[in-house]
Amino acid sequence: MATDEARAETVSGRRGRVTITDIARRAGVSVPTVSRVVNGRSDVSPGTRARVEELLRRHGYRKRAAAPGRRAALIDLVFNDLDSPWAVEIIRGVEEVAHAAGVGTVVSAIHGRSGDARQWMRNLRARASDGVVVVTSALDPVLHQELRILGVPLVVVDPAGAPDLDVPIVGAANHSGGRAATEHLLALGHRRIGLIAGPPRLLCSRARRDGYRAALEDAGVAVDESLVVPGDFRHESGFAACATLLGLPEPPTAVFTASDQMALGAIEALRRRGLRVPQDMSVVGFDDLPEVRWSAPPLTTVRQPLADMGRQAARAVLRRTRGEPADPPRTELGTELIVRSSTAPPPPPVPATPSR
């Protein structure tokens, strides 16, 4: 993706560090116009070129020297949040590939705040990172454009927004994973199956929900919207969502949760009600984090290849940095249902009390 419009960087001058977006705003032109001036393109009017060049000189903006085939020295790995065990698995995969290639890794969290994202961009320019992996976060269009202009290769893991980004995307087969989890519960005889869904803004959440719906519809089971409760992938939301499901006049006999953490929260909610897993309710998670095989009971879950996703993203960044052939627009790694002890056939119906 590195083109003539994709190699420029800022340097600190007396007036401080500015971005190419700042230059464009001050010159009253578009960012691509500034990029064309930086890269010596001829399709800019003389007056506009003079105005932009003056601003570039004033703020110490210079073109970045292209170096085809250069090996990356540093990869930036950026999360929206880091307070999740699955983040550790992705870090492990990226670090494994980076270490083998003699490349350092910098891990950051931007917490979904534009100020944090812009601070990260300033830090990235200062340390001259050679590649970026963004994980499960919305890709700010301005930051995306800055990375393109700087010529920094970018790969996105499980994007939050639209899937039609013009950068390589690494994800998992979330739809088939959600479908497999629901089909497993259907095969055990469950018909009232709850869903504790992930954040709807995330593509992976929507795909898992759609897989759940597809499995029910194929089995001729109507989707009951009261059984679909949103969560945020964390323990607390799984606990709260399960409590909501248990408060229904007719609670589900099984629940598919869109993350292992939410599944563990749901199991705790059941325990506090004096209910047993799977005797009173079956629970399926999604991720297969290392700790769930030791939960009580060991959790049936959909294995998401988190470390492999990190490895794939790191390899893609390194390939792009070295000028090797482009990666496919999207790489989707397979998921696998792992059956343990948290699922079983539904409990027998409670016989009606005879009237006197």
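A brief report on the enclosed structure follows. (Residues numbered from 1 in each chain as written. Predicted model: local features only at pLDDT ≥ 70, side-chain atom pairs only at ≥ 80, totals over all residues. Heavy atoms only, no water.)

Re the overall build of the chain
- For the chain, the count of helices and strands is 11 helices and 14 strands.
- Relative to its 356 residues, the chain shows a buried fraction of 52%.
- Taking contacts inside the chain between residues at least 6 apart in sequence as the whole, the part at least 24 apart equals 74%.
- If you sum the accessible surface of the chain, you get close to 16,000 Å²; carbon and sulfur atoms cover 53% of it. (Helix = DSSP H or I, 4+ residues; strand = E, 2+ residues; numbered from the N terminus. Buried < 20%, exposed > 50% of the residue type's maximum accessible area, 1.4 Å probe, protein only. Contact = heavy atoms within 4.5 Å. Areas by Shrake-Rupley, 256 points an atom, 1.4 Å probe, with all protein chains shown as cover.)

Concerning the packing of aromatic side chains
- A complete count under the given rule lists 2 aromatic pairs for this structure.
- An angle of 55° between the planes, with centres 6.2 Å apart, marks the rings of F79 and W86 as tilted. Take F79 and W86: they sit in the same class, and that class is buried.
- Over the face of the ring belonging to F286 we find R208, whose NZ or CZ atom lies 3.9 Å from the ring centre. (Phe/Tyr/Trp six-rings, centres within 6.5 Å; stacked < 30°, edge-to-face > 60°. Lys NZ or Arg CZ within 6 Å of the ring centre and 35° of its normal.)

A few points about the pattern of salt bridges
- Within the structure shown, the criterion is met by 18 salt bridges.
- With its nearest N and O atoms 2.6 Å apart, the salt bridge here joins E89 to R92. A residue pair is termed a helical-turn pair when its members lie 3 or 4 positions apart in one helix, as E89 and R92 do in helix α4 (residues 85–100) at 3 residues.
- The exposure class of R92 is partly exposed, given its relative accessible area of 42%. (Salt bridge = Lys/Arg side-chain N within 4 Å of Asp/Glu carboxyl O.)

What about the sheet that holds strand β13 (residues 330–333)?
- The 6 strands are arranged β4-β3-β5-β6-β7-β13 in an open sheet whose pairing can be described as parallel. With partners counted over all chains shown, the strands left at the sheet margins are β4 (104–109) and β13, one partner each. Averaged over all adjacent pairs, the angle separating strand axes in this sheet is 20°, with direction ignored.
- Inspection of the sheet shows strand β7 (residues 169–172) paired to β13 by 4 bridges, in the parallel sense. Counterpart to I169 in the pairing with β13 is R330.
- Its contacts with the sheet put helix α11 (residues 306–321) on β3 (74–79), β5 (131–135), β6 (154–157), β7 and β13, and the angle it makes with β6 is roughly 165°. (Pairing = 2+ DSSP bridges. Axes fitted to C-alpha atoms, helices over the stretch in contact; angles between N-to-C directions.)

Some points on the side chain of R208
- By the secondary structure assignment, R208 is in helix α8 (residues 203–218).
- Buried R208, no salt bridge; nearest opposite-charge side chain is D287, N-O distance 4.5 Å.
- At 2.7 Å, the side chain of R208 forms a polar contact with the backbone oxygen of A258. (Lys, Arg positive; Asp, Glu negative; His and termini not counted. Polar contact = N/O pair within 3.5 Å; in protein donor to acceptor, adjacent residues only side chain to side chain.)

Side note on the packing of helix α1 (residues 20–27) against helix α3 (residues 46–58)
- Between α1 and α3, whose axes approach to 10 Å, the crossing angle comes to 135°. Accordingly, the angle class assigned to the pair α1 and α3 is oblique. The handedness of the crossing between α1 and α3 is right-handed. Contact with α1, carried on its side by I23, R26 and A27, involves R51, V52, L55 and L56 of α3 and no other residues of that element.
- The residue inventory of the contact of α1 with α3, partitioned by class, reads 5 nonpolar, no polar and 2 charged. (Parallel < 35°, antiparallel > 145°, perpendicular 65-115°, else oblique. Left-handed = near helix turned anticlockwise from the far one by under 90°. Nonpolar A, V, L, I, M, F, W, Y, C, P; charged D, E, K, R; others polar.)

A closer look at the pairing of strand β8 (residues 193–197)
- Within β8, 5 of the 5 residues are buried, which leaves it mostly tucked inside the rest of the structure.
- Both faces of β8 are covered, namely the face carrying I193, L195 and A197 and the face carrying G194 and I196.
- The pairing of β8 with strand β10 (residues 254–257) spans 4 bridges and is parallel. In the sheet register, I196 faces β10, and the bridge partner there is T257.
- The pairing of β8 with strand β9 (residues 228–230) spans 3 bridges and is classified as parallel. Residue pairing in the sheet places I196 in a bridge with V229 of β9.

Some words on unusual backbone geometry
- The step from V277 to P278 runs through a cis peptide bond, and the omega angle for that step is 10°.
- Mapped onto the elements, P278 comes out in the loop between α10 (260–272) and β11 (282–287).
- Note the cis peptide between A296 and P297, where omega equals 0°.
- Residue placement: P297 occurs in the loop between β11 and β12 (300–303).
- Of note, the phi angle at F233 is positive, near 80°, even though the residue is not glycine.
- Within the secondary structure, F233 is located in the loop between β9 and α9 (235–246).
- Backbone geometry places D287, a non-glycine residue, at a positive phi of 140°.

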